[in-house]
Amino acid sequence: MSQSTPATVFLDKLKTPYTLHNYEYDPAAQRVGMQAAEEMGVSPARVFKTLMILVDGEPVCALVPSDKQVNMKGLAALAGGKRAGMMPPEAAEKFTAYKVGGISPLGEKRAAPVFLDESAFNFESIFINGGG
């Protein structure tokens, strides 16, 4: 399996250190981030899922622990909007050039504002699930 993805190319270009963690990816898993945490033997609170969300029709990217859900009203307010809802999977794939279950906030086809759950600051490092 190739270790190069748009996200790793982006980090390499910035000379940003990172560590890849391989695991057995199950594309049929109901909750990919939870499955990734289990496979890697880490707390689901440390594995962050990337969600593409529309706030008043505009794309935003939310990074939240795999065992949590996004407060859509709160996110809409943070983004300066009124309404938020999940971006349809096909639209998220077209916007990011990643497959759902492997969307990364790094190296997306088009940029969107990124909102990171504050719990990320409780850890020295977090895992961003990119689908395996």
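Residues numbered from 1 in each chain as written. Predicted model: local features only at pLDDT ≥ 70, side-chain atom pairs only at ≥ 80, totals over all residues. Heavy atoms only, no water.

Please provide a residue-by-residue account of helix 4 (residues 89–96), values included.
Listing the buried residues of helix 4 in full gives Ala92, Phe95 and Thr96. The buried residues of helix 4 occupy an angular sector of 80 degrees when the element is viewed end-on, so they sit on one face. Exposed residues pointing more than 90 degrees away from the buried face of helix 4 are listed as Glu90 and Lys94. At its buried positions, helix 4 is contacted by strand 1 (47–55) and strand 2 (58–65). Downstream of helix 4 by a residue or two, alanine 97 has a phi angle that is positive, lying close to 70 degrees. (Buried < 20%, exposed > 50% of the residue type's maximum accessible area, 1.4 Å probe, protein only. Helix = DSSP H or I, 4+ residues; strand = E, 2+ residues; numbered from the N terminus. Arc of directions from axis to C-beta. Contact = heavy atoms within 4.5 Å.)

An account of the environment of valine 32 is requested, with residue identities and associated values reported.
Mapped onto the elements of the fold, valine 32 is located in helix 2 (residues 32–40). Residues valine 32 and leucine 63, spaced 31 residues apart in sequence, show a C-alpha to C-alpha distance of 14 Å.

Just give me the short version of the pairing of strand 1, but keep the residues and values in it.
Of all nine residues making up strand 1, eight are buried, and the element is well covered by its neighbours. Pairing between strand 1 and strand 5 (residues 127–128): two bridges, direction parallel. Residue pairing for strand 5: phenylalanine 48 is matched across the bridge by isoleucine 128. Relative to strand 2, strand 1 runs antiparallel, the two being bridged by eight bridges. Its bridge partner being in strand 2, methionine 52 is matched across the sheet by cysteine 61. Following strand 1, the chain reverses through two residues before pairing antiparallel with strand 2; aspartate 56 in that reversal takes a positive phi of roughly 50 degrees. Two elements, strand 1 and strand 3 (residues 84–86), share three bridges in a ladder whose sense is antiparallel. For valine 55, the partnering residue across the bridge sits in strand 3 and is alanine 84. (Pairing = 2+ DSSP bridges.)

Can you lay out helix 1 (residues 6–13) for me, pointing to particular residues and giving the numbers?
Among all positions of helix 1, only Ala7, Thr8 and Leu11 are buried. Buried residues in helix 1, looked at end-on, bunch into an arc of 95 degrees, giving them a common side. Once helix 1 finishes, lysine 15 follows within two positions and takes phi at roughly 55 degrees, a positive value.

So what's going on with unusual backbone geometry? Residues and values would help.
Unlike most non-glycine residues, lysine 15 shows phi in positive territory, near 55 degrees. Among the secondary structure elements, lysine 15 is positioned in the loop between helix 1 and helix 2. On the accessibility criterion, lysine 15 (73% relative accessible area) is exposed. One non-glycine residue, alanine 97, adopts positive backbone phi at about 70 degrees. Summarising the element assignment, alanine 97 is placed in the loop between helix 4 and strand 4 (114–116).

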